[in-house]
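Architecture at a glance
Residues per chain, in single letters:
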Amino acid sequence: MKLVFAGTPEVALPALEALIASRHEVAAVVTRPDAPAGRGRKLVASPVAQLAEQAGIEVLRPRRPREPEFLERLAEIAPDCCPVVAYGALLPKAALDIPRHGWVNLHFSLLPAWRGAAPVQHAVMAGDEVTGASTFLIEEGLDSGPVYGTVTEPVRFDDTSGDLLERLSRSGARLLVATMDGIETGDLEPRTQPGDGISVAPKISVEDARVDWNAPALRVDRVVRGCSPAPGAWTLFRGERLKLGPVRLAAGRSELGPGEIAVAKNTVRVGTGSHEIELGEVQPQGKKRMAAGDWARGSRLEPGERLGG
């Protein structure tokens, strides 16, 4: 089939690479416009745009996918199908109607679980033991279209959302190619999602990533891992934000109050609503990431100091 691929961030690259290597033709890619990045805030092309340009593939960068110029060019290309991975913009009906097999999204959850922008983060934060990826036909509703196929992936006890998403991006890429193959041959028909088991995964806000030290240690651990690497879990220390890398659960009940800090040799322990946790890496405001022990020594902690304000 002739394809137009839509995607923007790095997580979409394995799927684009797999489609380029498949028997299908990637005639063009659709991606978000170049955005400012780095200290100089220079405009930088998206990872998908960079890969497409290296492969000699046409790149379309509409500010909004309802722009007449974009719709006209898409109609000229006349794709059979438009596979999508983390494009980042809502597609109007005028765009959805152009490819004869529609737009097929690779979504990183087992639909109808975790519909929305942050399915992997929510799966980790909720303590799911198994998640996966789904390919489905895009409709105007939120991730509600009929499903072509799924792959499953266990959630490991120490997975961050970044770890899990990296694995899903690769298994999902294989699923997306298989879905394109099945659509081409006519062997694959999408099935309506069940009406039960629906959960929603909105974008993680900065406030969602704030650690509540009164919560049980297991909840603290899940929030930190679910928000790693982005947007980054955080707490307050001496009135400033302190970002937290993955933590370790300590054995036994906590002798520390919620948020209370204790330093012993190279370990930094913090009390929660249940067990203590041990900090891994931290990032003080305006500084680089560092080992928690180095941060504690440099901060010259006083007895009874707490995280969380």
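As shown above, the structure is provided for reference.
Because the structure is a prediction, the values reported are computed rather than measured.

A separate point is a nonpolar patch on the surface. A cluster of nonpolar residues, Leu142, Ile198 and Val200, forms a patch on the protein surface that exposes about 270 Å² of accessible area. For Ile198, the location among the structural elements is in the loop between helix 6 (161–185) and helix 7 (217–226). With a relative accessible area of 42%, Ile198 lands in the partly exposed category.

Across five bridges, strand 10 (residues 233–237) lies against strand 11 (residues 240–244) in antiparallel orientation. Among the inter-strand pairings, Thr235 is bridged to a residue of strand 11, identified as Leu242. If you look at the hairpin formed by strand 10 and strand 11, you'll find two residues sitting between the two strands, and Arg238 has a positive phi there, around 55°.

With respect to topology, four strands assemble into an open sheet ordered 10-11-16-17, the strand pairing being antiparallel. On the outer flanks of this sheet lie strand 10 and strand 17 (290–291), each paired with one strand and no other. The pairing of strand 11 with strand 16 (residues 281–284) spans three bridges and is classified as antiparallel. Considered in strand 16, the bridge of Lys243 is made with Gln283.

What counts, and at which threshold
- Residues numbered from 1 in each chain as written.
- Predicted model: local features only at pLDDT ≥ 70, side-chain atom pairs only at ≥ 80, totals over all residues.
- Heavy atoms only, no water.
- Patch = residues over 30% accessible without salt bridge, like charges linked within 9 Å, V, L, I, M, F, W, Y side chains within 5 Å.
- Areas by Shrake-Rupley, 256 points an atom, 1.4 Å probe, with all protein chains shown as cover.
- Salt bridge = Lys/Arg side-chain N within 4 Å of Asp/Glu carboxyl O.
- Helix = DSSP H or I, 4+ residues; strand = E, 2+ residues; numbered from the N terminus.
- Buried < 20%, exposed > 50% of the residue type's maximum accessible area, 1.4 Å probe, protein only.
- Pairing = 2+ DSSP bridges.

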